[in-house]
Amino acid sequence: CLASSLAMDTTMPELGAFYDGFQASQIFCQGVTYTYDDIILHPGHINFGAETVDLSSKLSKNVPLGVPMVSSPMDTVTGGRMAAAMASLGAMGVVHYNQTTEEQVAAVREACTFRRLYDVNMPCLSTSATVADVLALRGNHARGDNVDVLVTEGGQMGGKLLGVVTNRDVEFVNDTATSLEEVMTRELITVEAGAAAEQAYAQLAACKKGVLPVVDASGNAVAALARADLRSLRACPAAPAPPSARSDGRLLVAAAIGTREDDKARAAALAAAGACAVVLDSSQGDSTFQLNMLDSSQ
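From a predicted model like this one, the values you see are computed outputs, not experimental measurements.

Caption draft 1: A look at the sheet that holds strand S9 (residues 211-215). With mixed pairing, the three strands of this open sheet are ordered in space as S8-S9-S10. Since the sheet does not close on itself, it has two edges, and those belong to strand S8 (191-192) and strand S10 (221-226), each with one partner. By the bridge criterion, two bridges tie S8 to S9 in an arrangement that is parallel. Bridge pairing in S9 places Val 191 opposite Val 214.

Caption draft 2: Examining the environment of Ser 57 more closely. One can find Ser 57 in strand S1 (residues 57-60). It is 9.3 Å that separates the C-alpha atoms of Ser 57 and Met 69, two residues lying twelve residues apart in sequence. Ignoring sequence-local partners within four residues, the contact set of Ser 57 consists of Pro 64, Leu 65 and Pro 68.

Caption draft 3: Summary view of the pairing of strand S4 (residues 92-95). The alternating pattern of S4 places Met 92 and Val 94 and Gly 93 and Val 95 on opposite faces, both of which are buried. Pairing of strand S3 (residues 70-71) with S4 involves two bridges; the strand directions are parallel. By the bridge assignment for S4, Val 70 is matched with Met 92. Sheet topology places S4 next to strand S11 (residues 254-257); two bridges connect them, and they run parallel. Residue Val 94 lies in a different strand from S11, and its bridge partner there is Ala 254.

Caption draft 4: Just the pairing of strand S6 (residues 149-152), in detail. Across the two faces of S6 the burial is the same, with Val 149 and Val 151 and Leu 150 and Thr 152 all buried. Judged from the two bridges that link them, strand S5 (residues 124-125) and S6 form a sheet pairing that is parallel. Bridge pairing links Leu 125 to Val 151 in S6. As defined by bridge partners, S6 adjoins strand S7 (residues 161-165) across four bridges and the pair is classed as antiparallel. Bridging from a neighbouring strand, Val 149 pairs with Val 165 of S7.

Caption draft 5: Representation of the pattern of salt bridges. Counted according to the given criterion, the structure contains three salt bridges. Taking the shortest distance from any N to any O, the salt bridge between Lys 264 and Glu 261 comes out at 3.2 Å. Owing to a relative accessible area of 58%, Glu 261 belongs among the exposed residues under this scheme. Note that Asp 263 is salt-bridged to Arg 266, the shortest N-O span being 3.5 Å. In this pair, Asp 263 and Arg 266 both sit in helix H10 (residues 263-273), three residues apart, roughly one turn of the helix.

Caption draft 6: Looking closely at the sheet that holds S6. Strand order in the open sheet formed by three strands is S5-S6-S7, with mixed pairing between adjacent strands. Two strands bound the open sheet, and with one partner strand each, they are S5 and S7.

Caption draft 7: Here's a closer look at the confidence of the model for the chain. For the chain, the mean per-residue pLDDT works out to 83, and 87% of the residues sit at or above 70. Across residues 1-10, where pLDDT falls below 50, the model places twelve contacts with residues more than four positions away in sequence or in other chains.

Caption draft 8: A look at the side chain of Thr 166. Looking at where Thr 166 falls in the secondary structure, it is placed in the loop between S7 and helix H6 (167-170). Among the residues examined, Thr 166 registers a relative accessible area of 11% and is labelled buried. Setting aside its immediate chain neighbours within four residues, Thr 166 contacts Val 147, Asp 148 and Val 211.

Caption draft 9: Region of the structure containing the nonpolar core. One finds Val 95, Val 108, Val 253 and Leu 270 to be the most contacted residues of the largest nonpolar core, which totals 18 residues. Secondary structure elements with two or more residues in this core: helix H3 (80-88), helix H4 (101-113), S11 and H10. The element contributing the most residues to this core is H4, with five residues. Apart from residues no more than four positions distant in its own chain, Val 253 is found in contact with Ala 83, Gly 93, Val 95, Ala 111, Cys 112, Gly 274, Ala 275, Cys 276 and Ala 277.

Rules of the game
- Residues numbered from 1 in each chain as written.
- Predicted model: local features only at pLDDT ≥ 70, side-chain atom pairs only at ≥ 80, totals over all residues.
- Heavy atoms only, no water.
- Pairing = 2+ DSSP bridges.
- Helix = DSSP H or I, 4+ residues; strand = E, 2+ residues; numbered from the N terminus.
- Contact = heavy atoms within 4.5 Å.
- Buried < 20%, exposed > 50% of the residue type's maximum accessible area, 1.4 Å probe, protein only.
- Salt bridge = Lys/Arg side-chain N within 4 Å of Asp/Glu carboxyl O.
- pLDDT = per-residue confidence, 0-100.
- Core = buried A, V, L, I, M, F, W, Y, C linked by side-chain atoms within 4.5 Å.

This is the structure in structure tokens:
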């Protein structure tokens, strides 16, 4: 244990003496720096199973984490999807600020409203769209050629759900100019937006449909569950901890800002979008600019 080791004798061993390893205090207090490749961490005796280990921690006084991991606010690491993925596993992502305020706000909103196992980005088309429009989506979506489409008023997610188009609906249609109103499936089995994802997937497995639309109380499409995702879920291990989320189910997402004057407005916009924490991302760790930003953000 590091804490107990630090409380013990901090003197270094005599030259030439043989010891079965070094205490943590000797490693960290001798004034010499090591990398992880230079030393081997030897675990102590345990009398408990791995399943009893509690890794829960806190990002701040009011932001709990089930897993003590936070992804970096780099533009090559954490965008909206990564932040949602981290929060879904009990950790947290910090959305980078190497983008416009509007783009960062959109990423935070996307992550906050993400529901684990729910596809909020499933393609939507209107009834006036054609089979050619569906075929054009092949290869440009996460599921490759297995494209399922929600048909809604206005052709956007959030519009009233009218039908569903799957590969089976368009597979043998020779005239690609045929409208989706003619080929879409109208008799639908849906799930309400408030249902737990695991419960909804059980319903999807039972109904033997390829797609299960998720609708709100007004019948508007808000997401979808796909059988392809159900297969992926069964192939993946369980999450290490419950999602990092608010009481209303929205995921906890952090966002980075700089120390410029216009970042004050960015911080306010991110908070309004649902960011639970704002991280100062600066190359200089001790500046008056950071202190001023902290004072204005409190």
